[in-house]
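Chain by chain, the residues run as shown.
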Number of protein chains: 4
Amino acid sequence: MNELDQIQDWLTEVVDISRVFASQGEVAAYIPELLKAPHDTLGICIISPDGQTISAGDVDFELTLQSISKVFTLILALMDLGEAHVFSKVGKEPTGDDFNSMLKLELVEPGIPFNPLINAGAIVISALIQGQSPQHKSERILNFFRLISGNATLEVDEEVFMSEAAHAHRNRSLAYFLKDNGVLTDQDDVEEILEIYFRHCSIKVTCSDMARMALVLANEGVDPASGESLIPRRYVQIAKTFMITCGMYNASGEFAIGVGLPAKSGVSGGILTLVPGKYGIGIVGPALNSKGNSVAGVHLIELLSRRQKWSMF
Amino acid sequence: MNELDQIQDWLTEVVDISRVFASQGEVAAYIPELLKAPHDTLGICIISPDGQTISAGDVDFELTLQSISKVFTLILALMDLGEAHVFSKVGKEPTGDDFNSMLKLELVEPGIPFNPLINAGAIVISALIQGQSPQHKSERILNFFRLISGNATLEVDEEVFMSEAAHAHRNRSLAYFLKDNGVLTDQDDVEEILEIYFRHCSIKVTCSDMARMALVLANEGVDPASGESLIPRRYVQIAKTFMITCGMYNASGEFAIGVGLPAKSGVSGGILTLVPGKYGIGIVGPALNSKGNSVAGVHLIELLSRRQKWSMF
Amino acid sequence: MNELDQIQDWLTEVVDISRVFASQGEVAAYIPELLKAPHDTLGICIISPDGQTISAGDVDFELTLQSISKVFTLILALMDLGEAHVFSKVGKEPTGDDFNSMLKLELVEPGIPFNPLINAGAIVISALIQGQSPQHKSERILNFFRLISGNATLEVDEEVFMSEAAHAHRNRSLAYFLKDNGVLTDQDDVEEILEIYFRHCSIKVTCSDMARMALVLANEGVDPASGESLIPRRYVQIAKTFMITCGMYNASGEFAIGVGLPAKSGVSGGILTLVPGKYGIGIVGPALNSKGNSVAGVHLIELLSRRQKWSMF
Amino acid sequence: MNELDQIQDWLTEVVDISRVFASQGEVAAYIPELLKAPHDTLGICIISPDGQTISAGDVDFELTLQSISKVFTLILALMDLGEAHVFSKVGKEPTGDDFNSMLKLELVEPGIPFNPLINAGAIVISALIQGQSPQHKSERILNFFRLISGNATLEVDEEVFMSEAAHAHRNRSLAYFLKDNGVLTDQDDVEEILEIYFRHCSIKVTCSDMARMALVLANEGVDPASGESLIPRRYVQIAKTFMITCGMYNASGEFAIGVGLPAKSGVSGGILTLVPGKYGIGIVGPALNSKGNSVAGVHLIELLSRRQKWSMF
């Protein structure tokens, strides 16, 4: 009886315990998909490299990746352009600020975003993705996400993509600020970049898809099924490091101490996390705490990590 | 021999003395008109209500109003909508920040611009100008400026207007930030508002036009020629107060102590100032100090104000 | 029947109308004197150069000057050391910040306080007052205040002075920050400077004393009784300018537009203001608004200034 | 031939290569010990749990721990008071700011320091150390450091401690700011706390002492010699997490991506780092880069970590 077998036995119970914390949170009201499901939706899926999968709760719930997508567009940009180029455009430092703050952009020279996981940084990353047209770039991202998830049917949720547009002003403001600073260039068309950005934020997944994407990171970039290397090991390392230092907005430090796993959350309530060398994990739980992370989801993964001693530290 | 006669005698000398300070400043490189003239261009025109006019230096030099226009669009917005409406959208407080800082917008609740003379505030004012179309709004502004200056030939400098567009990203960023905060509404089209804003910044004048515009403020809103009230007295009062507290960017306090007159400067090197009840004054001097004010122009008006004891304080 | 005679007729009525606004405010709880009087205490005294005095409301109420004292220590420092020295240590610009913010100190080079009326600036001014010992410096300040007020019985309220000490940590923090930046020097003893500072904040007055102090400023530094010049005219000018741009904390701009008179407020609920060339005015009203100014007092002076057209603008 | 044997062969060469980078840095001028040695001092010591030790360069160079001590006072405070108490006083989040910034303290509610490794946080931690007197608290800290380092002769460098006092104003300012916010209480005497703080910053070590201290962390709190548990495993985990997210000032993110090891640096040029489960490492190299970390030391550990694939990620 391996570790996953043992977890399976009480996973439903842990989900039920954690689910009650959802009542402390708020669902992001601007995302239409989230209003269709109960407020206390909670689901988890864990996959090991040999394909063993356990799950509990609302595993069929579909949600869009939102900020979770930023990890994989960063990887794609690194694969397109290399470390030196990418890190001339975004920094490597955590901030203590809200994910969409402009304050830090103003205070810090030379004005590049602190890291690729805050909105300003992720917009810059979207501008770095290569392709002959905005459509081509968006296709390349979607195909990369399909490859990593092993799910060739991933699609952009057009309804969510549309509702992002209604909340785009802050990101548009960030983008023009970046253009003023020269981080985005004269050639970069803000509306095209924002469309690329909102499209990859709106890719729809289940927690099983997220678990599979996380598994590739847990497995050092190698597709566990085919044995093929999908992501260079170094870029997996970079991604995991950012997930520890900046993955959970300005609760990243707290998460690192409480859970100790690389993770990235999204405003739709998803958490993509992993136990290095062992498992990929996807969690859905749309009710968010004040920092923008799934209340019940954080509780669930903390219980699991503490019990299984999964912390990297 | 009245005061202006006395000043006339040594005005050319004071201009020549002040002109040497231009070498300490920099001309705003993005404004094409400014590159056509010598770096040490300096001119002044002073008009009294009875029409007496004295001048010295480069009085024929044409420049665009830039930020100086903000005083008069504020007045027009007040005349269109009244105090209560206008000041629900912009504050009344000086800041210590650069004119285009977003920092303060983020830190202060409820997120309205500090005052109507910083860029963010002036963009909001542009959005408040009434009219059936953006073109109509721009026409209303131009006509108002023609009325106040008594110069029916005032026009937008289309070349300058175009070059503003190449430097619009920061203002675009500010505008979308204001839209995100709800200060600009869903009905406000950012590009249309920025066009209105850049157009009034690009109205071309001479120092004589500025002196005439200032004279209306010095004369409590009354056209000295016709005796007609062009601006309600209360709005003149509001304008003059902002010119003291916020008119010279983040050197307003220093100017108030050194010169003590209501004034507004622009990045093209203009200073529009006035001696309440006595004179309207226009100054041109494109070389700017680090705060964005005309180096030689500030020196010139300080010499005059000190000698003539013009300070309001 | 002169202007003061006319005002006298309805002054009590205006005080009564304004008094009801006190219920919107809060009394500074740490100042013991203020807890002894009704929450809606309100009084005003107006003095003209020829000695005519009118008053209404709680004119015998005693309060400490608090921040109002900063205007006169600035003047004394200017008289001790001159403009060049003083303004190498404090700036001349209004801020949009709270009076005791350290934020701006950090952001602005070279790190001197924005102006002498914010706490950091006033602490620096206290350090500039000349004297052979801290006691001597405090005596010189007290004697100067007695001279300006024409009241040789002014004293420090020792009970208030003591309670300031219990709220000194923020000011102590500011002072050490200034020392770290070199604005205060190695020779400056923080505790001695804070004692000087708290002592002059704790000088006890009535609104009649404040009116008399303001009258000297209204009268360009000349004692209206003796005709003697107590303050050089230039330093009066500087003081009045700061009172317009920075005198009412971060509601100075609003006050300039609504009232248009040089003024300084204190956390004890005092407002010292003046009609240049005409009157000195003292107001007491301990209930404060969110900006730290007397709610009823601001209402009262705004009614008066509007009706009498006293605005400088 | 184990890993350390292999490293030993080229360690001197790597030190020599890295040493040349020292010329890009600056030595902290206020620490007297550092002025006695060459600018390009560089040394490293690596210890494994079985006692094997390798070293190269200036291994006998003595330096004070400075900020490195913060890791161990945090651990001692956790052992004294537990997680819940300690983290009610300091947060868990990295900032993007300078180590001694007050900016973030002002902006963030409820005003507790972001984490225990910035100066404000470490001062709070010093105030939490238990003891009957300041002297007793300092003794407890010194004894704890002796225990962890296995070196009973560790002492405070009194000369360095004295020179800290000459640079204490910023920390004093921070401490009073914390007291104003209530993070430090009325019972906390700022001068006593600062003495405790400066004393533990001034404990003198060699790189071998640091390696031995790091080894206890690498070994999950267990003394490798005696097998005794010196630190509860959970507190080691917390310490290592902070070392990843906040250990290298505002270059922590860059270090995590480039090196990938828990580490803490000090202004004296020390770096204490570790390979979890394997080695404790101490590095000395006083010339600092603009972020406050040893230039040559960072280069050295990055070369080692890359070659040996030591990154945790």
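Residues numbered from 1 in each chain as written. Chains lettered and ligands numbered in written order. Predicted model: local features only at pLDDT ≥ 70, side-chain atom pairs only at ≥ 80, totals over all residues. Heavy atoms only, no water.

Draft legend 1. A look at the packing of aromatic side chains. All names here are of chain C. One pass over the full model with this rule turns up 18 aromatic pairs over all chains. Note on phenylalanine 87 and phenylalanine 242: the rings are 6.0 Å apart at their centroids and 35° apart in plane angle, and the pair reads as tilted. Here phenylalanine 87 is found in the loop between helix 2 (69-86) and helix 3 (103-107), whereas its partner phenylalanine 242 is found in helix 10 (residues 233-246), with 155 residues between them in sequence. Its relative accessible area of 14% is what places phenylalanine 87 among the buried residues. The class for phenylalanine 242 is buried, based on a relative accessible area of 1%. (Phe/Tyr/Trp six-rings, centres within 6.5 Å; stacked < 30°, edge-to-face > 60°. Helix = DSSP H or I, 4+ residues; strand = E, 2+ residues; numbered from the N terminus. Buried < 20%, exposed > 50% of the residue type's maximum accessible area, 1.4 Å probe, protein only.)

Draft legend 2. Structural context of the sheet that holds strand 4 (residues 63-64) of chain C. Residue and element names in this part refer to chain C. Strand order in this open sheet of 3 strands is 4-6-5, and the pairing throughout is antiparallel. Among the strands making up the open sheet, the edge pair consists of strand 4 and strand 5 (155-156). Judged from the 2 bridges that link them, strand 4 and strand 6 (residues 203-205) form a sheet pairing that is antiparallel. Each bridged residue has a counterpart across the sheet, and for threonine 64 the counterpart in strand 6 is lysine 204. (Pairing = 2+ DSSP bridges.)

Draft legend 3. A look at helix 1 (residues 3-19) of chain D. All names here are of chain D. With 17 residues, helix 1 extends 23 Å between its outermost C-alpha atoms, agreeing within 8% with the 24 Å of an ideal straight helix rising 1.5 Å per residue. Of all the bends in helix 1, the largest measures some 50° and sits at tryptophan 10. Burial in helix 1 covers these residues: Glu3, Leu4, Ile7, Trp10, Leu11, Val14, Val15, Ser18 and Arg19. For helix 1, the side-chain oxygen to backbone nitrogen distance between the N-cap and leucine 4 is 3.2 Å, and the N-cap itself is asparagine 2. (Expected span 1.5 Å × (residues − 1). Bend = angle between axes of the 7 residues up to and from the residue. Polar contact = N/O pair within 3.5 Å; in protein donor to acceptor, adjacent residues only side chain to side chain.)

Draft legend 4. Broad picture of the relation of the copies chain D and chain A. In screw terms, the move from chain D to chain A is a rotation of 180° and a rise of 0.0 Å along the axis, fitting with an RMSD of 0.0 Å. Both copies of the chain, as the preceding transformation shows, are related through a two-fold rotation axis. Rotation axis and chain D: the residue whose C-alpha lies nearest the axis is Thr95(D), separated from it by 2.3 Å. A share of 100% of interface residues in chain D that are also interface residues in chain A marks the association as one of identical surfaces. (Least-squares fit on C-alpha atoms with pLDDT ≥ 70 in both. Contact = heavy atoms within 4.5 Å.)

Draft legend 5. Focus on the state of the cysteines. Enumeration over the complete set of coordinates arrives at 0 disulfides over all chains. Here Cys201(A) is not cross-linked by a disulfide; its sulfur's nearest cysteine counterpart is in Cys246(A), at 17 Å. Cys207(C) provides the cysteine sulfur closest to Cys45(C), a residue in no disulfide bond, and the two sulfurs are 5.2 Å apart. (Disulfide = S-S within 2.5 Å.)

Draft legend 6. Spotlight on the pattern of salt bridges. Residues and elements named next belong to chain B. By the definition in use, this model includes 62 salt bridges over all chains. When the shortest N-O distance is used, the salt bridge between aspartate 16 and arginine 19 registers 3.8 Å. In this pair, aspartate 16 and arginine 19 both sit in helix 1 (residues 3-19), 3 residues apart, roughly one turn of the helix. For aspartate 16, a relative accessible area of 40% puts it in the partly exposed group. Taking the shortest distance from any N to any O, the salt bridge between glutamate 302 and arginine 306 comes out at 3.2 Å. With glutamate 302 and arginine 306 both in helix 12 (residues 295-308), this residue pair falls 4 residues apart, about one helical turn. Judged by its relative accessible area of 27%, glutamate 302 falls in the partly exposed class. (Salt bridge = Lys/Arg side-chain N within 4 Å of Asp/Glu carboxyl O.)

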